[in-house]
Amino acid sequence: MNIGIIGLGSIGQMLVKAFCKSGAVAPEELVVFNRTREKADNLRAAYDLKIADTAQAVCNQVDIVFVCTKPLEILPLLRTLSIPAKTHVVSVAAGVSIADLESVHTGSVSKVIPTVTSSELRGVSLFACSERLSSEQREQLKWLLSRIGVAQEIAEEEIETATILTSSAPGLIAGILESYAQAAVRKTPALSIEIAREMLVETMLGTATLLQNEKLGFDQLIERVATKGGITEEGLRVLGKTLPKGFDELFDMTASKHDMLKQMIHKQNSTL
Ligand SMILES: NC(=O)c1ccc[n+]([C@@H]2O[C@H](COP(=O)([O-])OP(=O)(O)OC[C@H]3O[C@@H](n4cnc5c(N)ncnc54)[C@H](O)[C@@H]3O)[C@@H](O)[C@H]2O)c1
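Residues numbered from 1 in each chain as written. Predicted model: local features only at pLDDT ≥ 70, side-chain atom pairs only at ≥ 80, totals over all residues. Heavy atoms only, no water.

Caption draft 1: Examining the UniProt feature "domain: Pyrroline-5-carboxylate reductase dimerisation" (unreviewed entry) in the protein more closely. Sequence positions flagged by UniProt for "domain: Pyrroline-5-carboxylate reductase dimerisation" (unreviewed entry) are, in local numbering, residues 156-255. With 84% helix and 0% strand, residues 156-255 has end C-alpha atoms that lie 14 Å from one another. (UniProt positions renumbered as here; feature names shortened; annotations may be inferred. Helix = DSSP H or I, 4+ residues; strand = E, 2+ residues; numbered from the N terminus.)

Caption draft 2: Geometry of the UniProt feature "domain: Pyrroline-5-carboxylate reductase catalytic N-terminal" (unreviewed entry) in the protein. UniProt records the feature "domain: Pyrroline-5-carboxylate reductase catalytic N-terminal" (unreviewed entry) at residues 3-95, using the numbering of this structure. Summarising residues 3-95: 42% helix, 19% strand, and an end-to-end C-alpha distance of 23 Å.

Caption draft 3: Quick peek at the environment of Lys257. Along the polypeptide, Lys257 turns up in helix 11 (residues 231-271). C-alpha of Lys257 to C-alpha of Gly95: the two residues are 162 residues apart in sequence and 9.1 Å apart in space.

Caption draft 4: Structural detail: the packing of aromatic side chains. A full pass over the atoms with the stated rule returns one aromatic pair. Considering the side-chain rings of Phe19 and Phe66, the 5.6 Å spacing of their centres and the 55° angle between planes classify their relative orientation as tilted. Separated by 47 residues along the polypeptide, Phe19 in helix 1 (residues 10-22) and Phe66 in strand 4 (residues 64-67) bring together distant segments of the chain. Each member of the pair Phe19 and Phe66 is classed as buried. (Phe/Tyr/Trp six-rings, centres within 6.5 Å; stacked < 30°, edge-to-face > 60°. Buried < 20%, exposed > 50% of the residue type's maximum accessible area, 1.4 Å probe, protein only.)

Caption draft 5: Representation of the sheet that holds strand 6 (residues 109-113) in the model. Read from one edge of the open sheet, eight strands run 3-2-1-4-5-6-7-8, paired in mixed fashion. Among the strands making up the open sheet, the edge pair consists of strand 3 (50-51) and strand 8 (150-153). Note that strand 2 (residues 30-33) and strand 3 share two bridges and pair parallel. Of the residues in strand 3, the one forming a bridge with Val32 is Ile51. Sheet contacts for helix 1: strand 1 (3-6), strand 2 and strand 4; angle to strand 1, the most-contacted strand, approximately 155°. (Pairing = 2+ DSSP bridges. Contact = heavy atoms within 4.5 Å. Axes fitted to C-alpha atoms, helices over the stretch in contact; angles between N-to-C directions.)

Caption draft 6: Fine view of the packing of helix 8 (residues 169-187) against helix 9 (residues 193-213). Look at helix 8 against helix 9: their axes get within 9 Å of each other, and the N-to-C directions meet at 135°. The angle between the axes of helix 8 and helix 9 places the two elements in the oblique class. Note on packing geometry: the crossing formed by helix 8 with helix 9 is right-handed. Listed contacts from helix 9 to Ile173, Leu177, Glu178, Tyr180, Ala181, Gln182 and Val185 of helix 8 are Ile193, Ala196, Arg197, Leu200 and Met204. Its residues placed into classes, the contact of helix 8 with helix 9 shows nine nonpolar, one polar and two charged. (Parallel < 35°, antiparallel > 145°, perpendicular 65-115°, else oblique. Left-handed = near helix turned anticlockwise from the far one by under 90°. Nonpolar A, V, L, I, M, F, W, Y, C, P; charged D, E, K, R; others polar.)

The structure is reproduced here in structure tokens:
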């Protein structure tokens, strides 16, 4: 199976690394193109993949192509290409819908929202497929994504909220952890920020492992940690007062950003 990747930024490079690391794809089966050639050359130093000279050249020689450019770059790029109808086009862009993709490609299209944690073969890739997909194409996509983490098929109307739980989450969690560490050091300046960060990372890994291995619910873990009348209970009370409002705002603002992006994409599509 030949797989194309157009755009080798954070997510395009992650896909190359994850597909190779998982063994899902042999490097020789990958055909890549990036606007700046240097990124492709750097990857080539580690993986024996093929570098195409143009995006069109990628599309001419693959069964499935992952387009990993920014949301506003996807449709203009796809419009310049003559993509064989048998080629399955997968967009990873937030805000670009299946209908948008179907307006620029006569063949099968899918929307995937990957996550950077797939470079560790962990995390959730969201996917939604067009009705044009054959069952083989759908199974192939699901298989590829399940090799680099959990492949979660999802209705398009749910994908934006789910993106915040899966794809944005590593960045959001890092932001939460930084704020957690900074607050600890503000409280106790003798504590080093580096040690505070290390303690949180190890604790987060332990927490996730415990939840998963013992199949604990969040409420069960809370009960195990929070001694009745103890310290953690007090911390949870504070979180219960402050976090719901903050998380509601987070989902509202990221939904607004998705809406803004979709409007720009539709405006762009109607003027092209
Ligand atoms: N970063 C994430 O965690 C993440 C997660 C899910 C989805 N996405 C989506 O992935 C896409 C890329 O995001 P990113 O964070 O990797 O951005 P990025 O800016 O790191 O990468 C974009 C890459 O596309 C290349 N590019 C631009 N136009 C091109 C063209 N015409 N032909 C070939 N290459 C071209 C750029 O040179 C760059 O290397 C976005 O649409 C984003 O919504 C990102």
